[in-house]
Amino acid sequence: MTVETTHTPPFEMKAAMGQVFNLPGGKGYLLRVLGWGTFILLIAFLLLGIPIAKAYISMFQNIIELDAASAGGEPDPAEVWAVIGPFFASFGLFMLIYIVQVGVYISVETALYRNIIRGEDRGMFPLRFGYDEWRVLGTKIVVSMILYAIFMGVYFAMAILLGIIFGLGSAISSSGVVAVIGGLIFFIAFLGLLAGMAYVAIRFIPAAAISVRDESFSPFSAWNMMKPYALPTLGAVVIVGLVGYFALAIFTLLAFGILIHSSGVVDFLMVIDWESETMPDLSPLWDTVSSAGFMIPAVLLMAVSTFLTLLYMGAIWSIWGYIAKLTHWRNW
């Protein structure tokens, strides 16, 4: 028998923000989930990304050759299409990368939910794509559509408000005063829109984790549950999001910046005479970026960056898992 109570469990900010490092499965489970996710994404990036990179490089080289051959005149459209055709052909590979990335993200997210909520650990390879994952994916799609519809509705309301302000400004003599006051009103309304959208989003988004907890597809399930927890949850997400974003951005810029600078690529590009009528020799550049001395560190950095990105996303997903577990006490 389930005992109903009116007591609301307290939201612990520290526990929510640190949930990703305090999984029931321990740090070993976290490493397995993120490690396998990183491995799958890295293989996809290499298998599908290398042909894309070659298409870009080939297009860049062909553009230079075409420009030199045309000597400032208008090139033949057929030749132009032959140059950029491989680039457009690579769009299918972009789509495949996107599909794989979404699949891995959903699988990693759901694996964290299952461990946080149920304490489930499926062994050495914890990633799956079954009913739970489809529910998470479907819930996220529906919630995204709801939030987008709300945003567009408010966006058009703001556009109408702005139109009214400008209309009043042009209709009366003191248009400057109206413009200043109207601009201030619009700015305050815009800030209110951002705050309102953030509040509404935080009331909906945990539904993906709740779908794993309840084993049911219910995109609206989080709305009532989140009422007492919306503001502290928003605070936790903002803190984790900002800290993680800047840490990841700084690491990526420094690591890849050092790699590119130390490889001599920047120095090579700086000394090329792009204004010359003769086609520059780019073969040293291609030799550098395709060498083992560049590719091995680049792949390692890509792996570390992918792992850290999954950790960053996992920290935010774990907050939703924490909420789903916290609200399990009551049939809302």
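The next thing to look at is the overall build of the protein chain. A tally of helices and strands in the protein chain yields 12 helices and 0 strands. Element order for the protein chain, N to C, with α for helix and β for strand: α-α-α-α-α-α-α-α-α-α-α-α. Counting contacts in the protein chain only where the partners sit at least 6 residues apart, residues at least 24 apart contribute 79% of the total. When the accessible surface of the protein chain is totalled, it reaches about 18700 Å², and 73% of it is carbon and sulfur.

Turning next to the nonpolar core. Judged by nonpolar contacts, the single largest core of 48 residues is most densely connected at Phe-11, Val-108, Tyr-113 and Trp-320. Of all elements in the fold, only α2 (26-70), α4 (91-118), α5 (131-171), α7 (207-214), α8 (222-225), α9 (230-263) and α12 (292-326) reach the threshold of two or more residues within this core. If you tally residues by element for this core, the top one is α12, at 12 residues. For Tyr-113, the residues in contact, after removing those within four places along its chain, are Arg-118, Val-136, Ala-208, Ala-209, Val-212, Trp-317, Trp-320 and Gly-321. With 6 residues, the next largest nonpolar core counts Val-143, Ile-146, Leu-147 and Phe-204 among its residues.

This part is about unusual backbone geometry. Here the phi dihedral of Glu-215 falls at roughly 55°; this positive angle occurs in a residue that is not glycine. Among the secondary structure elements, Glu-215 is positioned in the loop between α7 and α8.

Our next topic: the side chain of Arg-135. Looking at the secondary structure, you find Arg-135 in helix α5. A residue is classified by how much of its surface remains accessible, and Arg-135, at 19% relative accessible area, is buried. Leaving out residues up to four positions away in the same chain, Arg-135 has contacts with Ser-211, Glu-215, Ser-216 and Phe-217.

Here we come to α4. Every α-helical turn comprises 3.6 residues, leaving residues that sit three or four positions apart pointing alike. A rise of 1.5 Å per residue sets the reference length of α4, with its 28 residues, at 40 Å; its end C-alpha atoms lie 40 Å apart and thus fit the reference within 8%. Just downstream of α4 lies Gly-119, where phi reads positive at about 70°.

Turning next to a nonpolar patch on the surface. A cluster of nonpolar side chains, contributed by Val-238, Leu-242, Tyr-245, Phe-246, Ile-250, Leu-254 and Ile-258, occupies part of the molecular surface with about 720 Å² of accessible area. Inspection of the secondary structure puts Leu-254 in helix α9.

Quick look at the packing of aromatic side chains now. Using the criterion set out here, one finds 8 aromatic pairs in the structure. Seen in terms of ring centroids, Tyr-105 and Trp-317 are 5.9 Å apart; in terms of plane orientation they differ by 70°. Their pairing is edge-to-face. With Tyr-105 in helix α4 and Trp-317 in helix α12, the pair connects residues that are 212 residues apart, well separated along the chain. Trp-317 carries the same exposure label as Tyr-105, and that label is buried. Taken together, a centroid distance of 5.1 Å and an interplanar angle of 85° make the contact between Phe-129 and Trp-134 edge-to-face. Exposure remark for Phe-129: the relative accessible area of 37% places this residue in the partly exposed category. The class of Trp-134 is exposed, set by a relative accessible area of 53%. What links up through ring pairs into an aromatic cluster is the set Trp-36, Phe-39 and Phe-125. Sitting over the ring of Trp-223, Arg-203 keeps its end group 4.0 Å from the ring centre.

Conventions and cut-offs
Residues numbered from 1 in each chain as written. Predicted model: local features only at pLDDT ≥ 70, side-chain atom pairs only at ≥ 80, totals over all residues. Heavy atoms only, no water. Helix = DSSP H or I, 4+ residues; strand = E, 2+ residues; numbered from the N terminus. Contact = heavy atoms within 4.5 Å. Areas by Shrake-Rupley, 256 points an atom, 1.4 Å probe, with all protein chains shown as cover. Core = buried A, V, L, I, M, F, W, Y, C linked by side-chain atoms within 4.5 Å. Buried < 20%, exposed > 50% of the residue type's maximum accessible area, 1.4 Å probe, protein only. Expected span 1.5 Å × (residues − 1). Patch = residues over 30% accessible without salt bridge, like charges linked within 9 Å, V, L, I, M, F, W, Y side chains within 5 Å. Salt bridge = Lys/Arg side-chain N within 4 Å of Asp/Glu carboxyl O. Phe/Tyr/Trp six-rings, centres within 6.5 Å; stacked < 30°, edge-to-face > 60°. Lys NZ or Arg CZ within 6 Å of the ring centre and 35° of its normal.

Keep in mind these values describe shape, not function.
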